[in-house]
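In case you want the letters, here they are:
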Amino acid sequence: MRSFVGKLSRCYVGKSRKLSVLSLGGVALTTALVGSAFAQEISDPEDEVSTLDTVIVSARKRDESLKDVPGSLAVVSAEQIEAKSAVGLSDLTLSIPNVSYQDRGSGFNSFSIRGISSNARNTGIEDSVSIYVDGVYVGRPAFFDLNLADVQSVEVLRGPQGTLFGKNTIAGAINIVTPKPKLGEFFGRGTIGYGEFDAISAKGFVNVPVSSSIAAKLSISTRQRDGYIDNLTDGRVFQGLDEQSARGQILFDSGEALTVLLSADYTNKDNDINISQVLRPSGSFAALFGAQAGPLVTEEDGPNFDKQEFGGVSATFEYTLPSDHTLKAVAAYRDMTVKTGSDDDNTGVNLISSIVDDHTDQTSLELLLSSPGSSEFRYVAGVYYLNQETDSMRRTGALPALTDITGDGGNTTVSYAVYGNADWDITDKLTVGAGARWSRDDKEAAWLQTTAGLPATLGLQGIQIADDRSFEKVTPSVNISYDLSSEITGYALWSKGYKSGSFMTDIFEPAVDPVSEFVLLPETVDNYEVGLKGSAWNNRFRFNFAAFSMDYKDLQVINLNAIGFIGSNAGAATIEGIELETDTRLTDSLTVSLNAGYLDAYYDELFQEGSDLSGNRMRNAPEWTGTASVNYRPTIQGIGEFDAWLDVNYRGGIFFDPQNRPSSHQPAITVVNGRIGLLPEGQDWSIYIWGRNLFDKEYTTFLRFGPFGQEQGSFAPPRTYGIEATLNF
């Protein structure tokens, strides 16, 4: 295996790969250190400008400073979520380095971290990114774009998280933390808003003290919006939203050893969504597509909807032992249903349409023991159990009077894991850490695919198949950290990631043999990473830097061929890059944040459908991502606080398929968002106006070829704006 130094210094030629990761890392690192030195140089010991807040995270299953975590971790605070006018998790992705989101306007979207993602419409396929809410696993990617009302922070862990989070974090994990009820206080907040396309929104929470040891909290959110894609066939307007969510929590805290948190959440979405529209009529049937001229115009007759209903309950018990060790148990149940309809032919004639109906329920239990955080030797150890059952239905009508394709099946997964992670302070500056997780997945799947009429014209066949497999893996990690000063820490890390084996429980088009192609083997990745984290200028300047190299093997590659899916373990890839995030408090009123990410992500080997795609760029993996944010918040005497926030987000060009076809390429984009408001002096209310995509940038969030050779895609929302008022009580 090549050395880590060799990996970081490898300089690519061809395909414009002329800068090595080492060179880029050096530039970024030099920038951070020069900024630090400059900040120290101009620092005034008598300067009374307020400092940046210390960032506390729970990414390693204990509360600790972001600076003490040896790994690449981005944190979005509640204040930043509000400032970015982010409603769902997907609204944050443009502003986080090396994170992307593939939005199909339906329940089948995909997050990508460091160029690794999954096409996980298939319920037998695991996702490459896992999402957790207060420590509870959100089981299926259809439900990943969670509402962010009343969220304390979003932690994005880049790179494999196999030790503490387990399977299906081969790309990374996203940890959503919600604020807990507070004892002895009655308070709340309510926000109402109105915006473009008659968007009406309301959200709020109330915290109620029940007794000296019990508090309860209720958070609610609702959003309704008209669509913005005009359908010429029948006058419908697509991309309309109707969404509601709620979360209730009860906290019991005796002030002694035991705390108990009971939580329940529910979300309902009933949206009129066009999953994909014609971008360019092409292929032999180009004349079918009529006058669909424009990104916000369709001419369709079929079903276009997205209905989701999901929620769950959880109970978290924490008990502090006399030794100050903490014993924690998290038990949870979740139930998730998604049903979507799509007009696959994109015409006003009923040629091909599809219905997808999936239901998932899961039960999980985690027990963990953590040592006191102040010890020289600190550890977390635990066991984990998950039982997940999914039922799937697919129905595609092709030339409805002639062909009907139906798929029915399900998957059952029972997962077990034992894990441990420890840090040892060798000296007051040097810390070494190591961890490992043993995981086992027992999986069963069955799929019945029937065809009636003329399936041969579509290349599909009737299939009845069932299989069961067990997959085991140990995913270790090793790290070392060194305090270069009281403000700056450097680290080096090696970790292994794993994505479990999968089944092709979807409309299935095997290349040769359905039995052998029904099962996909696990993926693995080795991540090598170095980084620096620190602050300067009396904690008015903060930076986090990481450079990494990842060896990615046995990729599970899923492709849509007209109507049916083809899957295989078809490749390997090397992914290298950097991530840099900085925050600077220039004055009491002015804060500037600059973030950047670079990805060199290409397939080393990839063979699919008889084609050698080796050397192609990985899908959904932009070379450069970056964000510049400015927050200006002065106090105006006798009036109050003026609050202005501006985000400029850049994402490099991406391919949406491994073939790197020009028709699947979205060029680089720059999207600007902003928010301006007033918080009157001595008052408990505020008012803001906001705008997203202020310069009305036209770009796609998904591209592919349709069943008639037409180029299909989904467009991002156009410019939207609105006003909102908030009352605190």
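Note: the structure precedes this text.
Residues numbered from 1 in each chain as written. Predicted model: local features only at pLDDT ≥ 70, side-chain atom pairs only at ≥ 80, totals over all residues. Heavy atoms only, no water.

A. Structural view of the overall build of the chain. Along the backbone of the chain there are four helices and 43 strands. Burial statistics for the chain: of 729 residues in total, 57% are counted as buried. Contacts spanning at least 24 positions in sequence make up 67% of the contacts within the chain whose residues lie at least 6 apart. (Helix = DSSP H or I, 4+ residues; strand = E, 2+ residues; numbered from the N terminus. Buried < 20%, exposed > 50% of the residue type's maximum accessible area, 1.4 Å probe, protein only. Contact = heavy atoms within 4.5 Å.)

B. Seen up close, the sheet that holds strand 18 (residues 297–298). Read from one edge of the open sheet, three strands run 14-13-18, paired in mixed fashion. A single partner strand is all that each edge strand has here, and the edge strands are strand 14 (237–238) and strand 18. Here strand 13 (residues 229–231) runs beside strand 18; their pairing, made up of two bridges, is parallel. Across the sheet, residue N231 finds its bridge partner in strand 18, namely T298. (Pairing = 2+ DSSP bridges.)

C. Local environment of the packing of aromatic side chains. A complete count under the given rule lists 15 aromatic pairs for this structure. Both rings, one in Y385 and one in Y416, keep their centres 5.9 Å apart while their planes meet at 50°; by these two values the pair is tilted. You can see Y385 sitting in strand 22 (residues 377–398) and its partner Y416 sitting in strand 23 (residues 403–425), a full 31 residues away along the chain. By relative accessible area, Y416 is classed as partly exposed at 34%. (Phe/Tyr/Trp six-rings, centres within 6.5 Å; stacked < 30°, edge-to-face > 60°.)

D. Local environment of the sheet that holds strand 6 (residues 129–133). The mixed open sheet is built from five strands, whose spatial order is 3-8-9-6-7. Two strands bound the open sheet, and with one partner strand each, they are strand 3 (73–77) and strand 7 (136–138). For this sheet, the mean angle separating the axes of adjacent strands, direction not counted, is 20°. In this structure, strand 6 lies alongside strand 7, joined through three bridges in antiparallel fashion. Along strand 7, the bridge assignment pairs Y132 with Y137. (Axes fitted to C-alpha atoms, helices over the stretch in contact; angles between N-to-C directions.)

E. Quick peek at the pairing of strand 8 (residues 153–158). Counting buried positions along strand 8 gives six out of six residues, so the element sits mostly inside the fold. Burial along strand 8 is two-sided: the residues S153, E155 and L157 and V154, V156 and R158 are all buried. Pairing of strand 8 with strand 9 (residues 172–177) involves six bridges; the strand directions are antiparallel. Residue pairing in the sheet places E155 in a bridge with N175 of strand 9.

F. Seen up close, unusual backbone geometry. Its identity as a non-glycine residue notwithstanding, K61 has a phi of 65°, on the positive side. Checked against the element boundaries, K61 lands in the loop between strand 1 (56–57) and strand 2 (64–65). We note that D324 has phi near 75°; this positive angle belongs to a residue other than glycine. Inspection of the secondary structure assignment puts D324 in the loop between strand 19 (305–320) and strand 20 (326–343).

G. Spotlight on the pattern of salt bridges. Counting across every chain of the model gives 33 salt bridges. The shortest N-O distance in the salt bridge between D442 and R440 comes to 2.9 Å. You can call R440 partly exposed: its relative accessible area is 25%. Salt bridges linked by common partners bring R114, R158, E529, E579 and E581 together as one network. (Salt bridge = Lys/Arg side-chain N within 4 Å of Asp/Glu carboxyl O.)

These figures capture arrangement, not role.
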